[in-house]
Amino acid sequence: MIRRAVLLLLASLLLCAGAGRAQAAGYRYWSFWDRDGDHWVYATQGPSVIRPSDGDVQGFRFAVSEDSADAARPRGRADFETICARTPAQDGRKRVALLLDFGTTTDAPSGETPPAPRTACARVSPGATTAEALATVAEPLRYDTNALLCAISGYPEKGCGEQVAGERKPSPQKKDTSDDGPSLGLVAGVAVVAVLGGAAIWQVRRRGQS
């Protein structure tokens, strides 16, 4: 009976491990990023609120992700000097470098093909928001009734932040270890079960011999 209980416990642990790697819900949307030195930082405010300074670099990435920690960063070279090299400075205006990454075919809505990533240098008034800068270089833009940015340069043609259920995809910035084998917790749990099972079987045999 003890041996049977141990086996059932082990089976439960394996089932839990499989459930942890089952389908996870994500959302298909445009994420918004600030360039800080040589890396991207997820923006804490929306593009309609942030008022970038002259020389700032900001990025947008279309992808399916669960939350800000999981969101895929914009790809490609993103330095102000390169992006705005052909847009000279003007008195009373500021320049904002933008990187627009339309994502991959994996993240694209059904029937749509993402355009290639591109950069643009927006020259706008000093008080302009990122959304206003984006509108000068990437129309048409599409927003929903809650002012959520749904499309840049008309992509995607439809949809806006919809939930997408499917297998969890690894983020380009971090290694997804979910397919590398059992987790540390599972291994530890199996080890404990094995030890307890061995001890229980030894006790049963010892009673049988006494």
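Residues numbered from 1 in each chain as written. Predicted model: local features only at pLDDT ≥ 70, side-chain atom pairs only at ≥ 80, totals over all residues. Heavy atoms only, no water.

Here we take up unusual backbone geometry. The omega torsion of the bond from Glu139 to Pro140 falls at 0°, within 30 degrees of zero and hence cis. Relative to the assigned elements, Pro140 resides in the loop between helix H3 (130-137) and strand S6 (142-143). The peptide bond linking Tyr155 to Pro156 adopts the cis configuration, its omega dihedral lying at -5°. Topologically, Pro156 is positioned in the loop between strand S7 (149-151) and strand S8 (163-166). One non-glycine residue, Ala147, lies in positive phi territory at about 65°. Following the sequence through the fold, Ala147 ends up in the loop between S6 and S7. (Helix = DSSP H or I, 4+ residues; strand = E, 2+ residues; numbered from the N terminus.)

The next subject is the pattern of salt bridges. In the structure shown here, the tally under the stated rule is 4 salt bridges. Measuring nitrogen to oxygen at the nearest pair gives 3.0 Å for the salt bridge that ties Glu162 to Arg28. Placement of Glu162 in the loop between S7 and S8 and of Arg28 in strand S1 (residues 24-36) is noted, with a sequence separation of 134 residues between them. Given a relative accessible area of 25%, Glu162 falls into the partly exposed group. Asp101 is the partner of Arg75 in a salt bridge, and the nearest nitrogen-oxygen pair spans 2.7 Å. In this pair, Arg75 is assigned in the loop between strand S3 (57-65) and helix H2 (80-83) and Asp101 in strand S4 (residues 94-101), connecting sequence segments 26 residues apart. (Salt bridge = Lys/Arg side-chain N within 4 Å of Asp/Glu carboxyl O. Buried < 20%, exposed > 50% of the residue type's maximum accessible area, 1.4 Å probe, protein only.)

This paragraph deals with the state of the cysteines. Applying the stated criterion to the full structure yields 2 disulfides. The side chain of Cys84 participates in a disulfide bridge whose partner is Cys121; the two sulfur atoms lie 2.0 Å from each other. Residues Cys84 and Cys121 share a disulfide whose torsion about the S-S bond is about 100°; that sign makes it right-handed. Taken as a pair, Cys84 in the loop between H2 and S4 and Cys121 in strand S5 (residues 118-124) lie far apart in primary sequence, 37 residues in all. Each of the two residues, Cys84 as well as Cys121, counts as buried. Between Cys150 and Cys160 runs a disulfide, and the two sulfur atoms are separated by 1.9 Å. Between Cys150 and Cys160, the disulfide has an S-S torsion of -75° and is therefore left-handed. (Disulfide = S-S within 2.5 Å.)

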